[in-house]
Amino acid sequence: MIRRLAAITGIQGFVPETILSNTELEKMVDTTDDWITTRTGIKERRILKEPGKAASDMGKIMVEKLLQKTNTHPDDIELVIFATVTGDMVFPDTANIVCDKVGIKNAFAFDVRAACSGFLFALTTGAKFIESGTHKKVIVIGCDMMSSIIDYTDRATCIIFGDGGGAVLLEPREDGSGIIDSVFHGDGSGAKYLHMKAGGSLRPPSLETIANKEHFVYQEGKAVFKSAINGMVDTVKKLLERNQLTLNDIKWLVPHQANIRIIHGVADALDFELSKVMINIEKYGNTTSGTIPLCLWEWESKLKKGDNIVLTAFGGGFTWGSTYLKWAY
Ligand code: COA
């Protein structure tokens, strides 16, 4: 019997129009285009600048286009999962706000907050509802508005992050295509290296937290760097072994876009050809939950039915893991 899998049957990305280039950052903090390019591989990132706009507005645009592209009526969507750490508000979940903005009325919706691993965790969560047979049309969004939590006077973080993401439609397939397996991990002891100090129940917003700049990303880059390479490499290897695959069987590796040196480090450690690694970090920087769907969207025209694809991510938490899927169209 062929197993019912959840397949990605459409993808739509979105990035805001405003470009923040390295040259502009040179005017804002003590940095250089050369330092940013050689240390991170990033040349520019997109920023959602329009006042009053937030993560749900990016979600709305990508979901509307996705529905149009896949010829899907909003009434047919049964579940929407939004992976983000920069939702419009602490609550309600941004997935609900997107449903309202798009006119999706028959779905339940919630957010997943797993930082840069968010899209992978949300994708597998959504896939389980389809595999179980209870749901037939699920939308998974990975999108962040990192500019809303970045201190643009901190040169160590403001050069890395950007805004944007993508949304996928998941539907059942019984032809072998779809999301086949995932290896995921979490380690809360990594929280100290990458977090936002205030704004939650531990340190609710106050004049003091604002004065101390505690509502911005705090990162110890070096600790994150090493763990990111090890975590992604380890889970890709486990995934390949568990599914009896060799690297030659993999058509595309889609790594979270955090730093070009991390991406190269992962490819080197796996001995995986760089020409088969999706890389667009130079244009968008690190969009957190957004990087992997943004890659898949940009590569969509090159993907073929049956392509074996491995997605891999590492992020705050720490959270990390890899997902193996067979492209469905
Ligand atoms: N421009 C110029 N110099 C900078 C700089 C900038 N934008 N940012 C940091 N520096 C300086 C530091 O102050 C330090 O100077 P010092 O040696 O005089 O103290 C020097 O460059 C090296 O800093 P360091 O932090 O050790 O650099 P790095 O090579 O580790 O690169 C990151 C910094 C943040 C780019 C890198 O650690 C990284 O990408 N980490 C992973 C981040 C990540 O993936 N986060 C998302 C979660 S997955």
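Residues numbered from 1 in each chain as written. Predicted model: local features only at pLDDT ≥ 70, side-chain atom pairs only at ≥ 80, totals over all residues. Heavy atoms only, no water.

## Some remarks on the overall build of the protein chain
Here's step 1: For the protein chain, the helix and strand inventory stands at 11 helices and 13 strands.
Here's step 2: In terms of overall dimensions, the protein chain is globule-like: its C-alpha atoms have a radius of gyration of 19 Å, near the 20 Å expected for 329 residues.
Here's step 3: Along the longest, intermediate and shortest principal axes, the C-alpha atoms of the protein chain span 60 × 45 × 35 Å.
Here's step 4: The buried share of the protein chain, reckoned over its 329 residues, is 56%.
Here's step 5: When the accessible surface of the protein chain is totalled, it reaches about 14,300 Å², and 54% of it is carbon and sulfur.
Here's step 6: Distance between charge centres in the protein chain, computed from 37 positive and 40 negative side chains, equals 2 Å. (Helix = DSSP H or I, 4+ residues; strand = E, 2+ residues; numbered from the N terminus. Rg over C-alpha atoms; globule rule 2.2 N^0.38 Å. Buried < 20%, exposed > 50% of the residue type's maximum accessible area, 1.4 Å probe, protein only. Areas by Shrake-Rupley, 256 points an atom, 1.4 Å probe, with all protein chains shown as cover. Lys, Arg positive; Asp, Glu negative; His and termini not counted. Charge placed at Lys NZ, Arg CZ, Asp CG, Glu CD.)

## Looking at the environment of Trp327
Here's step 1: Mapped onto the elements of the fold, Trp327 is located in the segment after strand 13 (319-326).
Here's step 2: Looking at Trp327, the relative accessible area reads 0%, which means it is buried.
Here's step 3: The spatial distance from the C-alpha of Trp327 to the C-alpha of Ile179 is 8.4 Å, given a sequence separation of 148 residues.
Here's step 4: When near neighbours in sequence (up to four residues on either side) are disregarded, Trp327 contacts Ile8, Ile11, Ser177, Leu296, Leu303, Lys304, Lys305, Gly306, Asp307 and Ile309. (Contact = heavy atoms within 4.5 Å.)

## Some points on the side chain of Ser56
Here's step 1: Here Ser56 is to be found in helix 3 (residues 55-69).
Here's step 2: On the basis of relative accessible area, Ser56 is assigned to the buried category, the value being 0%.
Here's step 3: When sequence neighbours within four positions are dropped, the list of residues in contact with Ser56 reads Asp88, Thr94, Ile97, Val98 and Lys101.

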